[in-house]
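Residue-level structure breakdown
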Amino acid sequence: MSIYKDYLKEIEERKSQGLHPKPIDGAELLSQIIEQIKDVDNKYREDSLNFFIYNVLPGTTSAAGVKAKFLKEIVLGESIVKEITPAFALEQLSHMKGGPSIKVLLDIALGSDETLAKQAAEVLKTQVFLYEADTSRLEEALKNGSAIAKDIIESYAKAEFFTKLPEIEEEIEVVTYIAGVGDISTDLLSPGGDAHSRSDRELHGQCMFEHNKDMQKELLALKKQHPDKRVMLIAEKGTMGVGSSRMSGVNNVALWTGVPFSKYVPFINFAPVIAGTNGIAPIFLTTVGVTGGIGLDLKNWVKQKDAEGNTIVDADGEPILKQMYSVATGTVLTINTKEKKLYHGKVELKDVSAAFTPQKMEFMKAGGSYAVVFGKKLQTFASKVLGVDVVPVYAPSKEITIEGQGLTAVEKIFNRNAVGTSGATLHAGSYVRAEVNIVGSQDTTGLMTSQELEMMAATVISPIVDGAYQSGCHTASVWDDKSKANIPRLMSFMNDFGLITGRDPKGKYFPMTDVIHKVLNDITVGDWDIIIGGDSHTRMSKGVAFGADSGTVALALATGEASMPIPESVKVTFKGQMKSYMDFRDVVHATQSQMLKQFGGENVFQGRVIEVHIGTLTADEAFTFTDWTAEMKAKASICISEDDTLVESLEIAKGRIQIMIEKGMDNAKGVLQGLVDKAETRITELKTGIRPSLRPDANAKYHAEVVIDLDEIAEPMIADPDVNNDDVSKRYTHDNIRPLSYYGGTKKVDLGFVGSCMVHKGDMKILAQMLKNVEAQYGKVEFKAPLVVAPPTYNIVDELKAEGDWDVLVKYSGFEFDDNAPKGVARTGYENMLYLERPGCNLCMGNQEKAEPGDTVMATSTRLFQGRVVKDSGEKKGESLLSSTPVVVLSTILGRTPTMAEYEAAVDGIVLTKFKPSTKQLVR
């Protein structure tokens, strides 16, 4: 059967799912379609024409290369297709977003036919996705006296590709749709269990609202009722998009409510309108900008204050809210983009100027942030070639300098890495283009990142980037048909692009499923580094790391840059002394709890950098804090360490990178060896005092300062989803932290999970020692609930094997992973025993395996959102309680939450943490 008939068969299969033909990205299929177009008597010719014109993915896909070549033949008259005139062929090329299309346009523009050259030049003037090979051709042609090249470059210097775009509408009418009450996680918009379909945008769109067809029908009915308005998706009494950046979530919102990007490119929409009572989660808001969307902070419910300005609370100590205005589903509102105000009729409801900064309005005008980034680079190139100053077309980057005020740690990092600034010292609020050192891509968003790279016509990683890694951790649990189809293809693409990949396309080293954040934490060897990663938990304990959507990751890989405002910081320090039976995870939870108490329930961390003066903890342990800051709704976090501690962390990282080299994971450019060399240089600087560790200035200014009292932490702390709270808005929030004694040793636990990026080697050693303790205390180890254990990395497994701890875990386990025979099917049930699972995300991701519906899960992981780790059953809500490794382990042995006496006995003699607040001044 021909590949075209295979495609027709697939189309019929998709029809049964209510889907259109899948967009074409392969050269072989499109080549056959072109042959059928050329054959005027072919029975498939009409359909082939439609597929060719309207159903081919743009950029650098192999299909785009074939399409561009055929369009060139049509423009030059070498092929005649009555339905596609040369002018129409040029129009098609203008929608292909770079790569092969730019090469073809340059071929024609710099060719001998003067009429065609001028036509191609006019199209080129609208394009921004040009790379060095393209601009070099133009520069060379200019040197050789080409008038056309001069005309194009002069247009680029004026940034006409931007200035000639239509302005944003002054008034945008929207109709509201409340997607949920309380914080809305990105799982609602793009469930983790559907990660495999993210690159098939129409198919993935069916999972919107977690496949809730009633909600989808309501949304469609609202659109039909208001065809002239845009639907604004709202998180009522909550924050929209908590949990992750998740480009697929924004893509789904845009698919259902947005504007088609091009009539020739299917299922790619832009300009969604998204809102929340408490705004949009920081990393999700960045993703909204990628699509040229609007993200509003509604503040339609506010906390009531008494005469002294104190928050008024109810009998449960919860703030009492007052509704300032209604955004009930179906309400028609008007966004005035000139006044930057939100109106209901003629009544002004809210100033929304934060959503319409000059930079954000440029994203909206250009159809997304990529076009602005590439446009600025193209204008800079053209101005340099012509020897003229850059015309101020784009809004100047906001620069805030405060005389006499010192710098926070994040301000110092951005000042060092900034490009294109005036040279002034910049403080928080300044908008900065900054060079990126480390980039991470994980496997469920990586497929989209590879698509984004193709669509922005990128073919190789930027030389500015020190190192980049593509993981296989999010699909590590089950090596099923979906993984077998997607992951090798992804690894091959990323390996060719220049990333270090967990799986070697050539099979020279054994496939790794290490958790992406752990790998990034090791390969980050600079405390002044900027890290961008395709996951919200990209929060390293060295440098400053930002979780990002798949597109921002693609942009960082392609350009070596990221653009954002320098965030404000909140300083966190510690006092007192930890009790010997407490785990550092309890300090993490107590930080969130004490912060909320100190600030009357206001989360001062949200949208800001948490500058934690950790001092004495190495990178592995400190990562437990930085990782959780995603749940604190912080934009990022920075660990301030003592010099000796940083040296120790770098030695550990250097050793682990060396292991990767010995396994054969380095590439031809020696990226990993370069990181080892960088680590050695930094260690020398620290030891000799040439350049001490990163520290803020003593006179830096913070949005707030939080002091955590370790003496107050008297028992383990648990983040509880509070699934039965009468107030729906207070369910599934990470802010609900409870002490162990709250449960009275009686709450039934159905399953335990020790794993995810929140644990490190020390947690595995604690687990082994606890099992020995329990056996010594009771004569045997018997589990009354299943315990799933997933070490984060293979390095940890190897180190545990070398130190004897792995043998202890195997002794008590009923299942040990086998990489030679990985699971092909997800578990649907668990026995009361210990499962030693393959390194990776496992239950925390929730896309392959879950606990049984309705279970109460005690886990070390990061997510407690509804349906993430465990779904509801018909009889009971599933709940995921988050706690330390000792609490999880003991809960599964007992089948319930332990009492304090049981807990203390189980951890007796185990050193849970050596954390003591630093006695040194961690400022300059």
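This text follows the structure it describes.
Structural notes, computed from the coordinates. (Residues numbered from 1 in each chain as written. Predicted model: local features only at pLDDT ≥ 70, side-chain atom pairs only at ≥ 80, totals over all residues. Heavy atoms only, no water.)

Where strand 11 (residues 332–336) and strand 12 (residues 341–344) come together, three bridges link them in antiparallel fashion. Counted as the bridge partner of Ile335 is Leu342 from strand 12. Between strand 11 and strand 12, which pair antiparallel in sequence order, lie four residues; one of them, Lys340, sits at a positive phi of approximately 60°. Both strand 12 and strand 13 (residues 347–351) contribute to a ladder of four bridges, which runs antiparallel. (Pairing = 2+ DSSP bridges. Helix = DSSP H or I, 4+ residues; strand = E, 2+ residues; numbered from the N terminus.)

What follows is about the sheet that holds strand 25 (residues 704–709). Sheet architecture is open: four strands sit in the order 24-23-22-25, paired in parallel fashion. A single partner strand is all that each edge strand has here, and the edge strands are strand 24 (636–641) and strand 25. Strand-to-strand twist in this sheet, taken as the mean axis angle between neighbours without regard to direction, amounts to 25°. Two strands pair when backbone bridges link them, and strand 22 (residues 569–575) and strand 25 are joined in this way by six bridges, in the parallel orientation. Its bridge partner lying in strand 25, Val572 is registered against Val706. (Axes fitted to C-alpha atoms, helices over the stretch in contact; angles between N-to-C directions.)

Bringing unusual backbone geometry into the picture now. Its identity as a non-glycine residue notwithstanding, Phe267 has a phi of 65°, on the positive side. With respect to the helices and strands, Phe267 occurs in strand 6 (residues 265–270). The phi angle at Lys340 is positive, at roughly 60°, despite the residue not being glycine. With respect to the secondary-structure elements, Lys340 resides in the loop between strand 11 and strand 12.

The next thing to look at is the side chain of Thr860. Structurally, Thr860 can be placed in the loop between strand 32 (856–859) and strand 33 (879–882). Exposure remark for Thr860: the relative accessible area of 1% places this residue in the buried category. What Thr860 contacts, discounting residues up to four positions off in sequence, is Arg585, Phe753, Val754, Gly755, Ser756, Met758, Val759, Ser883, Ser884, Thr885 and Val888. (Buried < 20%, exposed > 50% of the residue type's maximum accessible area, 1.4 Å probe, protein only. Contact = heavy atoms within 4.5 Å.)

At a minimum axis separation of 9 Å, helix 27 (residues 761–778) and helix 29 (residues 805–812) run at an interaxial angle of 55°. If you check the angle between helix 27 and helix 29, you find them oblique. Our pair here, helix 27 against helix 29, has a crossing hand that is left-handed. In this structure, helix 27 uses Met764, Lys765, Leu767, Ala768, Leu771, Lys772 and Glu775 to contact helix 29, whose residues at the interface are Asp805, Val808, Leu809, Lys811 and Tyr812. (Parallel < 35°, antiparallel > 145°, perpendicular 65-115°, else oblique. Left-handed = near helix turned anticlockwise from the far one by under 90°.)

We now examine helix 5 (residues 86–94). Along helix 5, the residues that are buried comprise Phe88, Ala89, Leu90, Gln92 and Leu93. Packing partners of the buried residues in helix 5 comprise helix 3 (45–54), helix 4 (62–75), helix 6 (100–109) and helix 7 (114–124).

Relative to the helices and strands, Asp522 is located in helix 21 (residues 516–523). A residue is classified by how much of its surface remains accessible, and Asp522, at 10% relative accessible area, is buried. Sequence separation between Asp522 and Met540 is 18 residues, and the spatial gap between their C-alpha atoms is 8.9 Å. Once residues within four sequence positions are removed from consideration, Asp522 is found in contact with Asp620, Ala653, Arg656 and Ile657.

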